[in-house]
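Listed below, chain by chain, are the residues.
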Amino acid sequence: SNNGCKTNYYEFTSEVCHLCHSSCDTCAGPNGNQCFTCDSSTPFFHIVDGSDNEGTCVADTGSNNGCELGSYLATDFTCHLCHSSCQTCVNPSDDQCL
């Protein structure tokens, strides 16, 4: 539930709703990595590594499947961090740098 806030807003305090990031349809907070669901202009959702259900929304999977540099898209559609020695990778081992 959005706790009484309309779509594109999140509950800031019990009385105040604030606008979500433009990429989010519903969210937990103001940042682009706090989306629960995505705006139609950025429909591809990636759960942020280590988060239960907050994530980022991107317009296309494009380069690196929509994951930030230094991470890769795992089979659970979540972006996970690459090994520290890799800038791009396909899995977390240090021998899987691209």
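Residues numbered from 1 in each chain as written. Predicted model: local features only at pLDDT ≥ 70, side-chain atom pairs only at ≥ 80, totals over all residues. Heavy atoms only, no water.

Caption draft 1: Structural view of unusual backbone geometry. In this model, Asn8 sits at a positive phi of 80°, which is unusual for a non-glycine residue. Within the secondary structure, Asn8 sits in the segment before strand S1 (9-11). (Helix = DSSP H or I, 4+ residues; strand = E, 2+ residues; numbered from the N terminus.)

Caption draft 2: Here's a closer look at the state of the cysteines. For the structure on display, the rule yields five disulfides. The disulfide partner of Cys24 is Cys35, and the S-S distance across this bridge is 2.0 Å. Between Cys24 and Cys35, the S-S dihedral sits near -65°, and the bridge is therefore left-handed. Residue Cys24 is located in strand S3 (residues 24-27), and its partner Cys35 is located in strand S4 (residues 35-38); the two are separated by 11 residues in the primary sequence. There is no split in this pair, since Cys24 and Cys35 are both buried. (Disulfide = S-S within 2.5 Å. Buried < 20%, exposed > 50% of the residue type's maximum accessible area, 1.4 Å probe, protein only.)

Caption draft 3: Quick peek at the nonpolar core. Counting residues in hydrophobic clusters, the biggest one holds seven residues: Tyr10, Cys20, Cys24, Cys27, Cys35, Cys38 and Cys57. For this core, the secondary structure elements donating two or more residues are S3 and S4. Once residues lying within four places of it in the same chain are set aside, the contact partners of Cys24 are Asn8, Asn31, Gln34, Cys35, Thr37, Cys38 and Asp39. If you look at the next biggest cluster of nonpolar residues, it comprises five residues, including Tyr72, Ala74, Cys82 and Cys89. (Core = buried A, V, L, I, M, F, W, Y, C linked by side-chain atoms within 4.5 Å. Contact = heavy atoms within 4.5 Å.)

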